[in-house]
Amino acid sequence: MKRIILISLFIVIFSQLFCKITVDSFVKNRKVGLSDFVEFTIEVSGEGLNRISAPKLPLIKNFDDLGSSSSHSSSIKIINGKRTSSVTKSFTYTLRPRNTGKFIIPPITLKIKNKKFVTEAISVEVVKGTTANLPKTGNRHSQSSNNSSDELEDNLFIVAEISKKNVFIGEPITVDYKVYTRYDISNLSFLEEPKFSGFWKEDIYKAEYKNFERAKYKGQIFNVMKLTSVALFPTSTGKLYIPAIKMNIDVRTQAQSFFDFGSTKRFSITSDKVQINVKEIPTQAPAGFNGAIGNFKIRSSISNTDLKVGDSFTYTLEISGSGNISQFEQPKLPEITHMRFLDPEITAQINENKISGKKTIKYLVIAQEEGTFSIPQVSFSFFDTKQGKFVTQKTKSYNINVAEGNNIYIQSSTAQSMVRMEGSDISFIIANDEILYFKLYFDSFLYWLVWFIVFLSIPVSFLIAKEQSKLSQNTDYLRQKQARKILKKYMNDATNAAQANKIEFYTFAQNGLSNFIADKLNIARGSTFETILDKLNERNINIELIEMVRIFFEECNKARFMPGGFSKDKIQNDFSKLKDVISEVSKKV
Amino acid sequence: MKKIIITLLIIFAISSIFANKQIDNINNDAIKEYQNKDFTKALELFLQIENESIVNADLYYNIGNCYFRQNEIGRAILYFKRSLKFDQDHQQAQKNLDYALAMTKDKQLSETDDFITSIWNKTLKILNLNILAIIVLIIFMLIVIMINFIILRYRNREKTIPVFITTLLIFLFAIFVTFSVVQWKRLHNHNFAVLLTSNAAGFSGPSDEFTRVFTIHEGMIFEIDREENEWSLIKLSNGIGGWIRSEYFERI
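Keep in mind it's a predicted model, so treat the numbers as computed, not measured. (Residues numbered from 1 in each chain as written. Chains lettered and ligands numbered in written order. Predicted model: local features only at pLDDT ≥ 70, side-chain atom pairs only at ≥ 80, totals over all residues. Heavy atoms only, no water.)

Visitor: If you had to explain the overall build of chain B to someone new, which residues and values would you point to?
Guide: A count of helical and extended segments in chain B gives eight helices and seven strands. Counting across all 252 residues of chain B, residues that qualify as buried make up 40%. Per element, the accessible surface of chain B, about 14,900 Å² overall, is 59% carbon and sulfur. (Helix = DSSP H or I, 4+ residues; strand = E, 2+ residues; numbered from the N terminus. Buried < 20%, exposed > 50% of the residue type's maximum accessible area, 1.4 Å probe, protein only. Areas by Shrake-Rupley, 256 points an atom, 1.4 Å probe, with all protein chains shown as cover.)

Printed below as a string of structure tokens:
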């Protein structure tokens, strides 16, 4: 048993030792053309390699890395009952050579399962053109002619066609990039778009789909396609270069036999740089020159010449021609008084070629004063590139009649403007004579004292209320209180009667006094005055007072019931007597 | 005995009046110095008044101006803030504070209020504590009068109307007391501070050895959360928090 285990262990270890990983690298062609691509492959094979990613290539001199693709195959072997599965992964990189010559693809270091692997260095020779078997050109006629060649550069190339090679600064040039071919092209794509330095660029055309036409170039028939077209306005002088354009072009090879469907081959094609010469324009420019270069015409028009004060008309300048039409300023108007020119409305219609068109400058003018005025000629200068000198053109002048009008126009010079702030600073200090003490009332003792006193009024009034309710339950007290009220009422009536010298005085006086005393003595109201006097006697009240009351009652009876007892002279005397009696009674009873 | 007390009182009153006069004189001198553009001297005099433990919004405003003239933006902001603390409606202090804040290196978030909070703040600005004290007292008096009235006059009668009025007054009273409490708390809140050094680093803990979280510059206004030894945990207006040395700032 032990032996079996030992053997099996040995086998396992052995198999682990033989689990070998191999790394290999190669290129498809050791000799390639500048328009071709180098296909560089790294192949890794071994067991358990399912999870390795494409190794990253270092920067390789003289080559551009265009990306990679990977493929993968696996095989299972069973030898002597032992099962081995091996996987082969290959990573293919597409490299584009930059220059011709002999170059080396350096060794690449890979790290797989913590082991380092190094590939061998490979030398590659790059020659001009292509080394690939060129497909047959599509043009059968040219094939038979003597001029035809099978070289790639004669059958597929890009040309920058330039309208002019000697120009003045600012003078527009159009550049058309065209691809000429005799092959069957299946696809094109820009590899590098040209960068124009020293020019102001306006795009005219850019190809969006394949569009070939037959055309003659240097006596030969080609399929031609315009790739892109730009208008360039040189902004600096001297020797400038129209940059090259780089394209990837896929060429379809022709089927060789019935079963061959053909294939495509990719080439990268570069156009040549083109040098142009930019000249400076002469320095002695006329006064009205404002940067216009080319060939132009100026025209003016006016909507109305007879108007009233306050009316408006339009004055239009139209500049048409070819040149840097979108790049110069509108001509300056001479100083015009009596009329107000508002800011112009400028519209530019520029043709598709970007170098010719029409510019319209429309002024709205308001007549401010009456009279006959003229709009003088406007001069416009430009540099004529054909003649190589400055040209000045002038517009017509107009006479305008302004009649009196209703509209009042306020001159623009009197327009108001907001006050502008010219500087800023902090505000000045506060110069109080006295420093006021900031005192919080909530912090002061006096404030809370007021609160306390106010609050104290509640228990005080509560006490008062209690006292009142106690008294109100006492009927005697109530009667006493009512006695004064009733007396007051009688006294009012008596006073009125006394002032009018009427006999009713005695009635009020007698009733009032008797009721008052009755209430005071706590006996029934309306008691006879004998009973009242008796009660007074019982209380041991001062005899003089009783006598006073008795005398007053008798006086009243006399005046009321005895014929001739009432006399107007006595009434005032009795009124004062009544007052004395009442004051005495309220004091002593 | 009585005589001694009376004479003492008189002496005290006279001396206090005399002291007031002296302070007013110092104030006038300071203003003169400021007008003559001797800001150092003016500041010295104003600070002398402040040392007399006098609390006055205008005084703080003037001190802030002196510091501003001497390019001490941090202290200027501190005093403008103090001025506004005692008089929220101090227009000039607010204007100068805004001006000084525009000169600081750090952009300070000014809270943009929504409608309701802006009304609330405006109300608080008008109702300073002393006005509130009087309003609260008057309402309290009215309530007491109503209660007395009910006790004395409406004991045996229908009480709906006076009770209704009293309830209304108590409701008003509660509102104004709330205002007062809010204002009181604001005035006695010393949790805000201004940075006075030209710059200071904020750390994640109370020592330089912690991670540096932010750097603030002179004039920064922030809230102090708590203090530990010589370090304070502060909170900036944009919500960032960190520890800085307590000696670098002064509470408003």
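Visitor: I'd like a description of the pattern of salt bridges, backed by residues and values.
Guide: Overall, the coordinates contain 16 salt bridges over all chains when judged by the stated rule. As a salt-bridge pair, Arg550 of chain A and Glu547 of chain A come within 2.6 Å of each other at their nearest N and O atoms. With Arg550 of chain A and Glu547 of chain A both in helix α8 (residues 543-561), this residue pair falls three residues apart, about one helical turn. We classify Arg550 of chain A as partly exposed; its relative accessible area is 28%. We classify Glu547 of chain A as partly exposed; its relative accessible area is 34%. The salt bridge involving Arg82 of chain B is made with Glu250 of chain B; its shortest N-O contact spans 3.1 Å. (Salt bridge = Lys/Arg side-chain N within 4 Å of Asp/Glu carboxyl O.)

Visitor: Describe in detail the interface of chain B and chain A, supporting the description with residues and values.
Guide: Each partner contributes to the interface: chain B provides 45 residues, whereas chain A provides 33 residues. Across the interface of chain B and chain A, roughly 3,700 Å² is buried in total on both sides, 66% from carbon and sulfur atoms. Contact with chain A buries surface across chain B, with Tyr99, Asn130 and Phe140 of chain B losing the most and accounting together for 14% of the total. Linking chain B to chain A there are zero salt bridges. For the pair chain B and chain A, the interface holds 10 residue pairs in polar contact (both at pLDDT 80 or more). For the side of chain B that touches chain A, the secondary-structure elements that each account for two or more residues are α1 (2-35), α3 (57-69), α5 (91-101), α7 (129-153) and α8 (160-187) of chain B. Per-element accounting of the side of chain B that touches chain A gives the leading share, 14 residues, to α7 of chain B. Tallied by class, the residues present in the side of chain B that touches chain A amount to 26 nonpolar, 14 polar and five charged. (Contact = heavy atoms within 4.5 Å. Buried area = accessible area lost by both parts, 1.4 Å probe. Polar contact = N/O pair within 3.5 Å; in protein donor to acceptor, adjacent residues only side chain to side chain. Nonpolar A, V, L, I, M, F, W, Y, C, P; charged D, E, K, R; others polar.)

Visitor: Quick one: what's the story with the pairing of strand β12 (residues 173-181) of chain A, residue by residue and with numbers?
Guide: Residue and element names in this part refer to chain A. Burial analysis of β12 places nine of its nine residues in the buried class, which makes it a mostly covered element. In this structure, strand β10 (residues 156-162) lies alongside β12, joined through seven bridges in antiparallel fashion. From the neighbouring strand, Phe157 faces β12, where its bridge partner is Tyr180. (Pairing = 2+ DSSP bridges.)

Visitor: Hey, could you go over the sheet that holds strand β18 (residues 246-252) of chain A for me, with residue numbers and the actual values?
Guide: Residues and elements named next belong to chain A. The three strands lie next to each other as β13-β18-β19, forming an open sheet whose pairing is antiparallel. Taken across any chain shown, the strands that pair with only one partner, and hence form the sheet edges, are β13 (184-192) and β19 (264-270). Mean inter-strand twist for the sheet, computed between neighbouring axes without regard to direction, equals 25 degrees. Bridging between β13 and β18 involves seven bridges; their strand directions are antiparallel. Opposite Glu192, over in β18, you have Lys246 as the bridge partner. (Axes fitted to C-alpha atoms, helices over the stretch in contact; angles between N-to-C directions.)

Visitor: Explain the packing of helix α7 (residues 529-538) of chain A against α8 of chain A to me, and be specific about the residues and the numbers.
Guide: Residue and element names in this part refer to chain A. Relative orientation of the contacting elements α7 and α8 amounts to 175 degrees, with a least axis distance of 10 Å. Relative to α8, the element α7 lies roughly antiparallel. Residue-level inspection shows Phe529, Leu533, Leu536 and Asn537 of α7 in contact with α8, the latter providing Ile546, Val549, Arg550, Phe553 and Asn557. Per-class residue counts for the contact of α7 with α8 are six nonpolar, two polar and one charged. (Parallel < 35°, antiparallel > 145°, perpendicular 65-115°, else oblique.)

Visitor: Please set out the environment of Phe40 of chain A residue by residue, giving values where relevant.
Guide: Mapped onto the elements of the fold, Phe40 of chain A is located in strand β3 (residues 38-46). Separated by 53 residues in the primary sequence, Phe40 of chain A and Tyr93 of chain A have C-alpha atoms spaced 5.1 Å apart.

Visitor: I'd love a proper account of the packing of aromatic side chains, names of residues and values included.
Guide: Here the distance between the centres and the angle between the planes together describe a pair of aromatic rings. Tallying each qualifying case throughout the model produces 42 aromatic pairs over all chains. When the centroid spacing of 5.6 Å and the interplanar angle of 40 degrees are considered together, the rings of Phe328 of chain A and Phe380 of chain A count as tilted. Taken together, the residues Phe328 of chain A in the loop between β23 (312-323) and β24 (339-341) and Phe380 of chain A in strand β28 (residues 379-384) connect sequence positions 52 residues apart. Phe380 of chain A carries the same exposure label as Phe328 of chain A, and that label is buried. Among the aromatic residues, those joined into a cluster by ring pairs are Phe442, Tyr447, Trp448 and Trp451 of chain A together with Phe140, Phe173 and Trp184 of chain B. Across the ring face of Tyr241 of chain A, the terminal group of Lys273 of chain A is positioned such that the distance to the ring centre comes to 5.6 Å. (Phe/Tyr/Trp six-rings, centres within 6.5 Å; stacked < 30°, edge-to-face > 60°. Lys NZ or Arg CZ within 6 Å of the ring centre and 35° of its normal.)

Visitor: Give a description of the nonpolar core that names residues and reports values.
Guide: Formed by 36 residues in total, the largest nonpolar core has its most connected members in Phe46, Ile49, Leu59, Ile63 and Ile77 of chain B. Put simply, the parts of the chain that give this core at least two residues each are α1, α2 (39-51), α3, α4 (73-86) and α5 of chain B. Setting aside anything within four residues of it in sequence, one finds Ile63 of chain B in contact with Leu43, Phe46, Leu47, Glu50 and Tyr79 of chain B. Core analysis: the second largest hydrophobic core is formed by 33 residues, Ala494, Leu536, Ile571 and Ile582 of chain A among them. (Core = buried A, V, L, I, M, F, W, Y, C linked by side-chain atoms within 4.5 Å.)

Visitor: Kindly report on the side chain of Asn65 of chain B, identifying the contributing residues and their values.
Guide: With respect to the element layout, Asn65 of chain B can be found in helix α3. Not counting the four nearest positions on each side in its chain, Asn65 of chain B is found in contact with Ile426, Ser427, Phe428 and Ile429 of chain A together with Tyr34, Phe80 and Asn96 of chain B.

Visitor: Please provide a residue-by-residue account of the side chain of Ser427 of chain A, values included.
Guide: Within the fold, Ser427 of chain A resides in the loop between β30 (398-403) and α4 (445-473). Excluding residues within four positions of it along the chain, Ser427 of chain A makes contact with Tyr61, Asn65, Gln92, Lys95 and Asn96 of chain B.

Visitor: With reference to specific residues and values, describe the layout of surface pockets.
Guide: One simple way to see leftover space: roll a probe sized like a water molecule over the atoms. Residue and element names in this part refer to chain A. What the second largest pocket holds in volume is close to 790 Å³. Lining the second largest pocket are 30 residues, with Glu153, Leu156, Phe157, Thr270 and Asp272 positioned closest to its centre. Only β5 (82-97), α3 (152-155), β10, β16 (220-234) and β19 provide two or more residues apiece to the lining of the second largest pocket. No other element matches β10, which puts five residues into the lining of the second largest pocket. Of the residues in the lining of the second largest pocket, the class split is 12 nonpolar, nine polar and nine charged. (1 Å grid on protein atoms, 1.4 Å probe; cavity = no way out; pocket = protein on both sides within 12 Å on 5 of 7 lines; lining within 4 Å. Points joined across faces, edges and corners; volume = space filled by probe spheres on them.)

Visitor: A description of α2 of chain B should follow, citing residues and the corresponding values.
Guide: Helix length check: α2 of chain B, at 13 residues, gives a terminal C-alpha distance of 18 Å against a target of 18 Å (1.5 Å per residue), a fit within 8%. Looking one or two residues past α2 of chain B, Ser53 of chain B carries a phi angle of roughly 55 degrees, positive in sign. (Expected span 1.5 Å × (residues − 1).)

Visitor: Give a detailed account of unusual backbone geometry, specifying residues and quantitative values.
Guide: Residue and element names in this part refer to chain B. In this model, Asn71 sits at a positive phi of 65 degrees, which is unusual for a non-glycine residue. Here Asn71 shows up in the loop between α3 and α4. Looking at Asn71, the relative accessible area reads 58%, which means it is exposed. Located in the positive-phi region is Asn229, a residue other than glycine, with phi close to 50 degrees. If you trace the backbone, Asn229 turns up in the loop between β4 (221-228) and β5 (231-235). Asn229 gets classed as exposed once you look at its relative accessible area, which sits at 77%.

Visitor: Lay out the environment of Ala494 of chain A with the relevant residues and their values.
Guide: Residue and element names in this part refer to chain A. Checked against the element boundaries, Ala494 lands in helix α5 (residues 475-499). Taking C-alpha positions, Ala494 is 8.2 Å from Phe575, a pair spaced 81 residues apart along the chain. Ignoring sequence-local partners within four residues, the contact set of Ala494 consists of Phe505, Phe508 and Ala509.

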